[in-house]
Amino acid sequence: MDALGTHRRSHLDPWRAGTSVAFDPSRLGWRGLAKKAPPRSSEPQAEPRASTDVTEREILAHQRSPDDYLRVPLANVRNFSIVAHVDHGKSTLADRLLEITEAIPPGGRKQYLDRLPVERARGITVKAQSVSLLHADERTGETYLLNLIDTPGHADFSFEVSRSLAACQGALLLVDAAQGIQAQTIATFFLAMERDLAIVPVANKIDSVNADVEGTGEQLESVFGIDAKELVPISAKVGTNVDAVLGAIIDRVPAPGGDASVNAKLRALMLDCHYDSYRGAVASVSVVDGVVKIGDKVRSMRTGQTSEVLELGLMTPEPLRVRELTAGRVGYVITSQRDVRAAKIGDTLVLERDYQKSLSAVSTDGSDVLTPLNAFREAKPMVFQGLFPQTGDDYEKLKAAVERLTLNDPSVTTQTETSAALGPGFRCGFLGLLHADVFHQRLKEEFGAEVIATAPTVPYRVVYPGESSAVSVSSPMQLDVERLSQSHGVPRVEGSDPVGISEPMVDATIVCKNEHVGKIVELCVDRRGTQLEHTHMSNSAGTGSGDRVLLRYRLPMGEVATDFSDELKSRTSGYATFDYEESGYQQSDIVRLDVLINGQSVDALAGLIHRDKAQRSGKAWVTRLKEILPRQLFEVKIQAAVGQKVLARESISAYKKDVLANYYAMDKSRKQKLLNKQKKGKKYMKSVGSVEIPNEAFAGLLSKGFKGD
Ligand SMILES: Nc1nc2c(ncn2[C@@H]2O[C@H](COP(=O)(O)OP(=O)(O)OP(=O)(O)O)[C@@H](O)[C@H]2O)c(=O)[nH]1
């Protein structure tokens, strides 16, 4: 029985940069966090790659010939992903599968497919990786081509999961038998269900003393309606029963349904694209029908761009060049199109000659018609921040860094923004806060660009009086408060949305211990949530991982996007897990809370907030500003206000300071030195009217977000 009823994850995104071309050190993406000197050229920089303790030569020694991969019939191809909650052992299982199929030697580097330094440093997978494995099945005597796509677990990167699943017919649903089903187990299960994939349930970590395989099976039955008898118990770490997983993939995952016949027209789904400084755009593709060969002229159906195929390959796991990619292969394509911006993830690649034929002579039976493949949704930024240089002089440096980094991370949206307080900068959209955090880190570490980031805002929809449709507002300063308030007397446009502000909502899934339910309900109520479900996931004994409760809440995205996850962890000592999916928009009483210093509004400190919370946040902000702002030579008044109504106020009394006061007797050069030092210090100050605010104050204030709690 499906305890979640109609719950479906629509997730926040799909997106970008894909499988690595690992022998080439210049592969890109958005996540390499290794320190390196700022780039000199305007070319995007190569993504750093983690060092490996299995040498390239050792891996290459294991590589089979391209023909071994190409001759496997479509009926013997299996495309599958491993999906699971974070840390349930996906990458470890991928390692074992690579070893069993002899793609890598045993006992090599752990988590082989987590190639990026940030993944290895943080111990998380943030990017899906694909690998083609050959497996000789002793039971049937046949050789199978297994295309495995390892996926990340963190909610911010769920678009990666969704995108990977678009190329699969099956998914290994991996559950840590000691922890049982967690929030992302549920989210990823429904992503797989949406795509109608065959699910192979696997209970991992059976070597652990707390493992409860039976309880895990009961949970799978009660939550997903999966027959517990289908569960494959394994220890990915020790290697116990991992070959049974291979058998289950072969038996339970159907072969891809594409057309591999000689007359089939090429259709390949573009899963990903990253920039390689030597070779240009490297696209990761799943060939569904037909064949693509070196020298073919291909067309991207959505963008209309045409280019010539220069190189084709498979990841095995290191790149293996092939002369062609036939239906059922998941590999990479390098074309004469070097501009990664021209590539649209989710696009369908076809042969130009087939396309032209389809335009000129449509046959009566429709066989000439080329239809694009069913793609996945595009990445949708849900958290926006203004990014400003620490000093005005650094704007050009920041501009160049943002341009280069977004080239390798197309899911980040940017537009220029000018703040009266912080000067020129950018408004950037991210998939979530972890995504934003990684972007800031890369700006700093790879480009030496330090930023002041404004408090995160979600995208609101605003219908102004007299307008028939909503506009998106992702910055407090974009909201025209005056215009919005002039609804009186303006007739509503027929068929239009009601005038006002709507906020994005999410459906959150929380899995927790029974004892923590009270604290979580309290948190969700404080965050303006509405309960949708409260289900016990107990096993028959009601013990171990069976002592779990599944809660579902509808919450405003703005209440979740900042510190909800941290708050949840601290209230449950880290035991609760959480995931969310977009759930449309809802009209809400959102106001702009302005912060004024000596009567002047500081645009960078304004925020959009629910009216009920404005008072509390306003109070918190003025109190914090009072602590942070240095005293000036005059009294400073700090106010928080909604429109004309001041909700909170504080003041800082005057402080008399003359930089030369004690130095009248000083010689001229020392005086000048002191004045220069003061001038340099001022470079790192922002002026609001006559009040000077040090950058640290902005950074300190803004990093805490606008909630003010
Ligand atoms: N005892 C035990 N530990 C395991 C097993 N499989 C994985 N682990 C450990 O669990 C931790 C997480 O494993 P990963 O393979 O990184 O998990 P993941 O699901 O890929 O993690 P993310 O990529 O961050 O989502 C690591 O410390 C592994 O060593 C297992 O079978 N038994």
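Residues numbered from 1 in each chain as written. Predicted model: local features only at pLDDT ≥ 70, side-chain atom pairs only at ≥ 80, totals over all residues.

- By the naming in an unreviewed UniProt entry, the chain goes by Translation factor GUF1 homolog, mitochondrial and is assigned to Micromonas commoda.
- UniProt annotates the chain under Function (unreviewed entry) with the comment "Promotes mitochondrial protein synthesis. May act as a fidelity factor of the translation reaction, by catalyzing a one-codon backward translocation of tRNAs on improperly translocated ribosomes. Binds to mitochondrial ribosomes in a GTP-dependent manner."
- Per UniProt, the comment on the chain under Catalytic activity (unreviewed entry) is "GTP + H2O = GDP + phosphate + H(+)". (UniProt positions renumbered as here; feature names shortened; annotations may be inferred.)

**Focus on the overall build of the chain**
1) Next: Within the chain, the secondary structure is distributed over 18 helices and 32 strands.
2) Next: Expressed as a percentage of the 709 residues in the chain, the buried residues total 49%.
3) Next: In the chain, the share of contacts with a sequence separation of at least 24, taken over all contacts with a separation of at least 6, comes to 74%. (Helix = DSSP H or I, 4+ residues; strand = E, 2+ residues; numbered from the N terminus. Buried ≥ 20, exposed ≤ 12 C-beta atoms within 10 Å, placed from the backbone. Contact = placed C-beta atoms within 7 Å.)

**Here we look at the sheet that holds strand 16 (residues 383-389)**
1) Next: One open sheet accounts for four strands, arranged 17-18-16-19; its pairing is antiparallel. Edge strands, defined here as strands with exactly one partner in the open sheet, are strand 17 (413-419) and strand 19 (451-453). Within the sheet, the average angular offset between the axes of one strand and its neighbour, ignoring direction, is 30 degrees.
2) Next: Bridge count between strand 16 and strand 19: three bridges; the pairing is antiparallel. Looking at strand 19, one finds that P389 is bridged to V451. (Pairing = 2+ DSSP bridges. Axes fitted to C-alpha atoms, helices over the stretch in contact; angles between N-to-C directions.)

**Brief notes about helix 7 (residues 213-224)**
The α-helix winds at 3.6 residues per turn, so residues separated by three or four positions along the chain end up facing the same way.
1) Next: An ideal rise of 1.5 Å per residue puts 16 Å on 12 residues; helix 7 measures up with 16 Å between its terminal C-alpha atoms.
2) Next: By the criterion of burial, helix 7 is predominantly enclosed, with nine of the 12 residues buried.
3) Next: Among all positions of helix 7, only G215, T216, G217, E218, Q219, L220, S222, V223 and F224 are buried.
4) Next: Residues of helix 7 that are buried sit in contact with strand 4 (170-176), helix 6 (183-194) and strand 5 (198-204).
5) Next: Where helix 7 ends, the next residue or the one after it, G225, has phi of about 75 degrees, a positive value. (Expected span 1.5 Å × (residues − 1).)

**Overview of the pairing of strand 7 (residues 267-276)**
1) Next: Judged by how many residues are buried, strand 7 sits mostly within the fold: 10 of 10 residues are covered.
2) Next: The pairing of strand 7 with strand 8 (residues 280-289) spans nine bridges and is antiparallel. Considered in strand 8, the bridge of D272 is made with S284.
3) Next: Note that strand 7 and strand 15 (residues 348-351) share two bridges and pair antiparallel. Across the sheet, the residue bridging to L269 is T348, located in strand 15.

**Regarding helix 6**
1) Next: Taking 1.5 Å of rise per residue, 12 residues should cover 16 Å, and helix 6 covers 17 Å from first to last C-alpha, within 8% of that figure.
2) Next: Across the 12 residues that make up helix 6, a large majority, 10, are buried.
3) Next: Regarding helix 6, the residues found buried are A183, Q184, T185, I186, A187, T188, F189, F190, L191 and A192.
4) Next: Phi turns positive, to about 60 degrees, at D196, one or two residues after helix 6.

**Here we look at the domain arrangement of the chain**
1) Next: According to the domain assignment, the chain consists of domain 1 (75-252), domain 2 (267-360), domain 3 (383-453), domain 4 (460-588) and domain 5 (591-702).
2) Next: Put simply, the middle of domain 2 and the middle of domain 4, counted by C-alpha atoms, are 40 Å apart. (Domains from an automatic or database assignment.)

**Remarks on unusual backbone geometry**
1) Next: A cis amide bond links T316 to the next residue, P317, at an omega of 5 degrees.
2) Next: Considering the arrangement of structural elements, one finds P317 in the loop between strand 11 (306-315) and strand 12 (319-322).
3) Next: At D196, a residue that is not glycine, the phi angle is positive and equals roughly 60 degrees.
4) Next: Checked against the element boundaries, D196 lands in the loop between helix 6 and strand 5.
5) Next: A count of 7 C-beta atoms within 10 Å places D196 in the exposed class.
6) Next: Of note in the backbone geometry, N598 takes a positive phi value of approximately 45 degrees without being a glycine.

**Quick word on the environment of A342**
1) Next: As for its position among the elements, A342 is in the loop between strand 14 (330-335) and strand 15.
2) Next: A residue is classified by how many C-beta atoms lie within 10 Å of it, and A342, with 14 of them, is partly exposed.
3) Next: Separated by 38 residues in the primary sequence, A342 and G304 place their C-alpha atoms 9.8 Å from one another.
4) Next: Non-local contacts of A342, meaning those with residues more than four positions away in its chain, are made with T303, Q305 and Q337.

**Brief notes about the environment of A103**
1) Next: Along the chain, A103 falls in the loop between helix 3 (90-100) and helix 4 (117-122).
2) Next: Assessed through the 24 C-beta atoms surrounding it within 10 Å, A103 is described here as buried.
3) Next: Separated by 455 residues in sequence, A103 and G558 have C-alpha atoms that sit 45 Å apart.

**Remarks on the environment of Q305**
1) Next: Take Q305: it is sitting in the loop between strand 10 (297-300) and strand 11.
2) Next: Each C-alpha atom, one on Q305 and one on A343, is 8.5 Å from the other, the two residues being 38 residues apart in sequence.
3) Next: Residues within four places of Q305 in sequence aside, it is in contact with S300, Q337 and A342.

**Description of the packing of helix 13 (residues 517-526) against helix 15 (residues 564-571)**
1) Next: The contact between helix 13 and helix 15 brings their axes to 10 Å, and the two run at 155 degrees. As far as their axial angle goes, helix 15 and helix 13 are roughly antiparallel. Where helix 13 crosses over helix 15, the handedness of that crossing is right-handed. Counted together, K519, I520 and L523 of helix 13 and E567, L568 and R571 of helix 15 form the full contact between these two elements.
2) Next: In terms of residue class, the contact of helix 13 with helix 15 is made up of three nonpolar, no polar and three charged. (Parallel < 35°, antiparallel > 145°, perpendicular 65-115°, else oblique. Left-handed = near helix turned anticlockwise from the far one by under 90°. Nonpolar A, V, L, I, M, F, W, Y, C, P; charged D, E, K, R; others polar.)

**Quick word on the packing of helix 3 against helix 8 (residues 242-252)**
1) Next: In contact at an axis separation of 10 Å, helix 3 and helix 8 are set at 85 degrees when each is read in the N-to-C sense. By the angle between their axes, helix 3 is roughly perpendicular relative to helix 8. Seen from helix 3, the contacting residues are R96, L97 and I100; seen from helix 8, they are V242, D243 and L246.
2) Next: Residue composition of the contact of helix 3 with helix 8, grouped by class: four nonpolar, no polar and two charged.

**Some thoughts on the confidence of the model for the chain**
As a general rule, the predicted coordinates of low-pLDDT regions are not to be interpreted in detail.
1) Next: With 75% of its residues at a pLDDT of 70 or more, the chain shows a mean pLDDT of 79.
2) Next: Prediction confidence for the complex, expressed as pTM and ipTM, is 0.73 and 0.98 respectively. (pLDDT = per-residue confidence, 0-100.)

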